[in-house]
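Examination of the molecular architecture
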Amino acid sequence: MAEKKIKTIGVLTSGGDAPGMNAAIRAVVRHGLARGMNVYGIKRGYTGLMEEDIKEMKASDVSDTIEKGGTVLGTARCKEMRTPEGIARAVEVCHKYGIEGLVVIGGDGSYRGAEKLANEGINVVGVPGTIDLDIACTEYTIGFDTAVNTAMEAIDKVRDTSSSHERCSIIEVMGRNAGYIALWCGIANGAEDVLLPERYDYDEQKLIDNIIDNRRRGKTHHIIINAEGVGHSGSMARRIEAATGMETRATILGYMQRGGSPTCKDRVYASTMGCLAVDLLAAGKTKRVVSYCKGEFCDFDINEALAMKKDIDNYQIEICGSLSHNYYKSEAALKDEEL
């Protein structure tokens, strides 16, 4: 028996905003319209869904949005989606507007809400939108490329003034409990030390020893990239300055990493993911998550995706250290010495 053709879909963005979300929204709207669907834009994520902050979208509604950061639909975190009453209300609104399929652009928390809606008969497809790159089922998430380039450029600027004043600079980047932005910037910016929540042992004496050793070798400044999941950059700076005698300043890049015009990669990949989400709904699929793996766009069952675990790349950590001024020895090199 043929699957029932979906006539009406909705799209929302949930959780933290990310550059490239607008490209995904635009793709869902225009690709959906091209496939003969009615498309509703839902403002402020699941909160807007429950409050019926919903608008039928035309192709012109997403004109001149692909180059903009943030999300034109707005976003919010919604505690009510964790309750049976909240889910029931969301389902009720979907039925009221005839929304048979829903594209949810966001992270793991957004997917959990999507999973609950799917259990109640709403066809749902998730699209990974987060600057943190912390969704295990995909090698790419919308916004990471822009955010990491924003952070990289900012760190280059801090390095200039750090070098001029012969300072130690601790630069804190975003990522919640994931260290991907910090690690990539550690390699791209040539940082002397990188602190990752997945690996940091909170031994500040190692940092102090590195700074002192580098100064003896003639290094006049020192860059430490600190991930948000480690945090406490201000107090860390005060302790390091007291221990080394080197002027130390903390810079927290903060929400600037969420904004700005998305890179070409974020525009193209987000557009592709948005179109694939529409195609999956058109094929009658539900409980799916769009992903990018091994050079191809694909999809996973949402329960399988949520069960996956993701860890930082050990080889990238090793090369980050070996390329720094500390000449960190990799595990392979240490094994060679033992032999």
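Think of each chain on its own: its residues are numbered from 1, step by step along the sequence as written. Predicted model: local features are reported for residues with pLDDT of at least 70 only, side-chain atom pairs are reported and counted for 80 or more only, and whole-chain, interface and lining totals are derived from all residues. Excluding hydrogens and water, the side-chain figures rest on all heavy atoms present in the structure.

1. Examining the overall build of the protein
Per the secondary structure count, the protein includes 12 helices and 11 strands. Taking the intrachain contacts of the protein between residues at least 6 apart in sequence as the baseline, contacts between residues at least 24 apart amount to 74%. Methods summary: accessible areas were calculated by the Shrake-Rupley approach with a probe of 1.4 Å, and residue burial reflects only the protein chains presented. Summed over all atoms, the accessible surface of the protein reaches about 15,300 Å², with 49% contributed by carbon and sulfur. Treating the 42 positive side-chain charges of the protein as one cloud and the 49 negative ones as another, the clouds have centres 5 Å apart. Helix numbering and strand numbering both begin at the N terminus, where a helix is a DSSP run of H or I of at least 4 residues and a strand a DSSP run of E of at least 2. Pairs of residues are marked as contacts when any of their non-hydrogen atoms sit within 4.5 Å. Under the convention used here, Asp and Glu are negative, Lys and Arg are positive, and both His and the chain ends fall outside the count. To locate a charge, the coordinates of NZ of Lys, CZ of Arg, CG of Asp or CD of Glu are taken.

2. Digging into helix H11 (residues 314-322)
Inspection of H11 places Glu318, Cys320 and Gly321 among the buried residues, and these make up the whole buried set. Down the axis of H11, the smallest arc covering the buried residues is 160 degrees, so these residues share one side. N or O atoms within 3.5 Å of each other form a polar contact, as long as, within protein, one can give a hydrogen and the other can take it, and as long as residues adjacent in sequence are counted only when both atoms are side-chain atoms. Of the residues that open H11, the one with a side-chain oxygen 2.9 Å from the backbone nitrogen of Tyr315 is Asp313. Buried, partly exposed and exposed residues are distinguished by accessible area as a fraction of the type maximum, computed with a 1.4 Å probe on protein chains only: under 20%, between the cut-offs, and over 50%, respectively. When we speak of the arc, we mean the arc of directions from the helix axis to the C-beta atoms.

3. Considering the nonpolar core
Of all hydrophobic cores here, the largest spans 57 residues; its most connected members are Ile105 and Ile181. Looking at which element gives the most residues to this core, the answer is helix H9 (residues 264-282), with eight residues. If you look at the next biggest cluster of nonpolar residues, it comprises 31 residues, including Cys78, Met81, Val91 and Cys94. Among buried residues, the Ala, Val, Leu, Ile, Met, Phe, Trp, Tyr and Cys ones that are joined through side-chain atoms within 4.5 Å form a nonpolar core.

4. Some remarks on the pairing of strand E4 (residues 101-106)
Taken residue by residue, a regular strand's side chains alternate between the two faces of the sheet. Within E4, six of the six residues are buried, leaving the element largely enclosed by the surrounding structure. Residue alternation in E4 divides its side chains into two sets, Gly101, Val103 and Ile105 and Leu102, Val104 and Gly106, and both sets are buried. Only when DSSP finds a minimum of two bridges between them are two strands counted as paired. Bridge count for strand E1 (residues 8-13) against E4 is five bridges, and the pairing is parallel. Residue pairing across strands places Gly10 opposite Leu102, the latter belonging to E4. Looking at chain direction, E4 and strand E5 (residues 123-128) are connected through six bridges and run parallel. Residue pairing across strands places Val103 opposite Val125, the latter belonging to E5. In this fold, E4 hands off to helix H4 (residues 108-119), which returns the chain to E5; that crossover is right-handed. With the strands pointing away from the viewer, any crossover whose connection runs clockwise from the first strand over the helix to the second is right-handed.

Structural measurements only, silent on function.
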